Number of protein chains: 2
Amino acid sequence: MNSRNTFWVKYQIEASKKDEAASKARQISIEQSVEMPPEVVPESSKGKIAQVHKLNQTGENSWEATILFDTQIVDSDPTQFLNVLFGNISLQPWCRLFDADPAYLSELLHGPSFGINGIRELLKLPDRPLSCAVIKPVGSSAVELANMALQFAKGGIDIIKDDHGLTDQISAKFEERVKLCTRAVREGEQLSGKKTLYFPNITTSAIHIQERYLKAVESGADGVLIAPQLVGFETMHELAKLGKVPIMAHPTFSGSYLVNRNGIDPVFYFGKLTRSFGADAIIYPNAQGRFSFSTEICIAINRSCHEEFDSIIPAFPAPGGGVKLKTISNLTKQYGNDIIFLIGGSLYKQDAGLIKASEQFQNALIRHEN
Amino acid sequence: MNSRNTFWVKYQIEASKKDEAASKARQISIEQSVEMPPEVVPESSKGKIAQVHKLNQTGENSWEATILFDTQIVDSDPTQFLNVLFGNISLQPWCRLFDADPAYLSELLHGPSFGINGIRELLKLPDRPLSCAVIKPVGSSAVELANMALQFAKGGIDIIKDDHGLTDQISAKFEERVKLCTRAVREGEQLSGKKTLYFPNITTSAIHIQERYLKAVESGADGVLIAPQLVGFETMHELAKLGKVPIMAHPTFSGSYLVNRNGIDPVFYFGKLTRSFGADAIIYPNAQGRFSFSTEICIAINRSCHEEFDSIIPAFPAPGGGVKLKTISNLTKQYGNDIIFLIGGSLYKQDAGLIKASEQFQNALIRHEN
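I will try to describe carefully the structure that is included in this document. (Residues numbered from 1 in each chain as written. Chains lettered and ligands numbered in written order. Predicted model: local features only at pLDDT ≥ 70, side-chain atom pairs only at ≥ 80, totals over all residues.)

In this section: the overall build of chain A. Helix and strand counts for chain A stand at 15 helices and 13 strands. On C-alpha atoms alone, chain A measures out to a radius of gyration of 22 Å, which is about the 21 Å that the 2.2 N^0.38 rule sets for 370 residues. Along the first, second and third principal axes, the C-alpha set of chain A runs to 70 × 40 × 35 Å. Taking all 370 residues of chain A together, the buried fraction comes to 59%. Sequence-distant contacts, at least 24 apart, represent 73% of the contacts inside chain A between residues at least 6 apart. (Helix = DSSP H or I, 4+ residues; strand = E, 2+ residues; numbered from the N terminus. Rg over C-alpha atoms; globule rule 2.2 N^0.38 Å. Buried ≥ 20, exposed ≤ 12 C-beta atoms within 10 Å, placed from the backbone. Contact = placed C-beta atoms within 7 Å.)

With that settled, the discussion passes to the relation of the copies chain A and chain B. For the pair chain A and chain B, the best superposition has an RMSD of 0.0 Å and corresponds to a rotation of 180 degrees with a translation of 0.0 Å parallel to the axis. Both copies of the chain, as the preceding transformation shows, are related through a two-fold rotation axis. Ranked by how close their C-alpha atoms come to the rotation axis, the residues of chain A are headed by A:Gly232, at 2.4 Å. (Least-squares fit on C-alpha atoms with pLDDT ≥ 70 in both.)

Ranked by size, the top nonpolar core spans 249 residues in total, and within it A:Ala149, A:Ile282, B:Ala149 and B:Ile282 carry the most contacts. The residues touching B:Ile282, leaving out its near neighbours within four places in the chain, are B:Ala249, B:Phe270, B:Thr274, B:Arg275, B:Cys305, B:Ala315, B:Phe316, B:Pro317 and B:Ala318. (Core = buried A, V, L, I, M, F, W, Y, C linked by C-beta atoms within 7 Å.)

Let's shift gears to the sheet that holds strand β1 (residues 6-14) of chain B. Residues and elements named next belong to chain B. Taken together, the 5 strands give an open sheet; going across it, the order is β2-β3-β1-β4-β10, and neighbouring strands pair in mixed fashion. A strand with exactly one partner marks an edge of an open sheet, and here the two such strands are β2 (51-59) and β10 (263-264). The pairing of strand β4 (residues 95-100) with β10 spans 2 bridges and is parallel. Bridging from a neighbouring strand, leucine 97 pairs with isoleucine 264 of β10. Sheet strands in contact with helix α1 (residues 18-31) are β1, β2, β3 (62-70) and β4, and its direction is about 135 degrees off that of β2. Strands in contact with helix α2 (residues 78-86) are β1, β3, β4 and β10; relative to β4, the strand with the most contacts, it is inclined by about 130 degrees. (Pairing = 2+ DSSP bridges. Axes fitted to C-alpha atoms, helices over the stretch in contact; angles between N-to-C directions.)

This paragraph deals with the interface of chain A and chain B. The partner chain B presents 75 residues to the 75 residues of chain A that form the contact. Looking at the side of chain A that touches chain B, the elements that each hand over two or more residues are α2 (78-86), α7 (206-218), α8 (228-231), α9 (233-242), α10 (255-258) and α14 (345-348) of chain A. At 6 residues, α2(A) tops the list of elements feeding residues into the side of chain A that touches chain B. Considering only residue class, the side of chain A that touches chain B consists of 28 nonpolar, 35 polar and 12 charged. (Nonpolar A, V, L, I, M, F, W, Y, C, P; charged D, E, K, R; others polar.)

Shown next as structure tokens:
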């Protein structure tokens, strides 16, 4: 670790003139490193002031600044890395975190333990797009949820996940739910003749999440669902390092970073940051549904998730929202085969019932050959 | 717990017409509860669909929706509460979290263990505004930082905190820093003849933060600094429940919620949410400095921090940025006496040195009588 001395971070800056952009870039470099007027920084810390390496105009009022940080201010602490990436500077409306040094991400962070190949191996499905269905809603009993899981598995769904709102509610306690759903999925596999993975939601207090992770593994769950923005990115990272089952990351509570002018570029957020912090599959809000991302951004997120850098292996992008049975074939052409299509509520709308709807979903998952 | 059946949450919605606002309010109520089309929600969960209780127009294109949620969907899990408050709906650019039911916050959450009175008792200072100075920057050795702490304490500063960028870097390892700084502060108190509190930064992985909290307490630290958005709100909450020393919350990495149209109202975010999750003192970006809040918002944040509700006691607001020796008297008139003025880098700019600058800071802290 820390074999390199610096890493770069790119920020987008709103400014009308070059002077203003240069001043704001300098402000980022100070705010995110020594956070005090440079003239009073003591000799011993002068070398810790981050440096503006490049400043390019990218649009009428927009600039891209590349800042070089000393690795010693992070010193191998992933939470401190987030603080350096987008700490106090997140409070400036004119600043957007755009990208960070993949070589440093791979030096500092573990990345996915399973990634695309690992999940494909668990499923014995080498090359086509995958399906993901969701058991829900909150308020359903563990038996009702297990029955939904059974039908999805009978219909051949590849991955079944808990709704991210299922925690340990009295209506379906965590342990009972995981046991019943795991058993149901194993039963369903007997009928479908194929593997189905079950990912319960383990999101809760960081103090208790490892216990849920281990209980899920013990109960035979095939993966887990975590909301990194709720539990802290490094909490997900610590579990990823255990590497017992794949992690699917959910974007709840992250929207303010993603849909505003100030914020974090979604391609970097999902494709590099979430993945480097250990997610094997990454749910993001798809275009064409109730969320606001464009198809171009979705394609860029997918590409970014697929891109291997150093020790960080590719992860599955998992677009959710706006995925419909009839659009899957076209989406596969746009998004490629290394994709998990997440269908939530709309699968429940099919009149033919969950087994039939699942079969139709599976039939739509055809490998696209270029 | 869970003696009540529902709690309310208020959202601000951008919409040009009443129909559109009503449809978006309904969308919030579904997205944040059952998250599936209402027509396919099974009988057992129909009661879990949140209800739009009120919808008022508040401006040309803005509306305020009050939504009633079933307490059972949270079921006493503070992390799940955040998910219900602003989960997937955070991904909608037209939605802003504005307020939540104080009676439910106080039922679900612990709030500050010390609050204003507890910190005042530790300092034996019953009624005037307090000072907070920051030891920094990253890169300084533990000895250098302890020497700064010594000078601040000699000058009579009320609270000395670590810069939020000081973690466990090789330049000033956590344990050594806390030991030397605590000792230095105790030494400085002998000369000043008054109490000074030292709050080291314990922000790190949620897995290790409790260890740092306990080490800080063992070493004689008087409080701790935590960045809740980096470690997860519930991680701070769990430490607040231990209640050994006061917690000061830092806003790093939270800016995207606070400076954008989509986001969380800063008055609610600091005054109710951060406080209910256990912060005894709450740092926020002050007006008149390098950040973008208006004086009116700062005054509203202060009032909100001071407002007791049920079991949630008042906490100290701690404006940082733009606080200068010559403006403190005027700020006290505007902000009241129950305030911690945080001066970071600019204290280092005083030519007379840190002890003299600290004395000048202390002399400016005069109780304002209405």
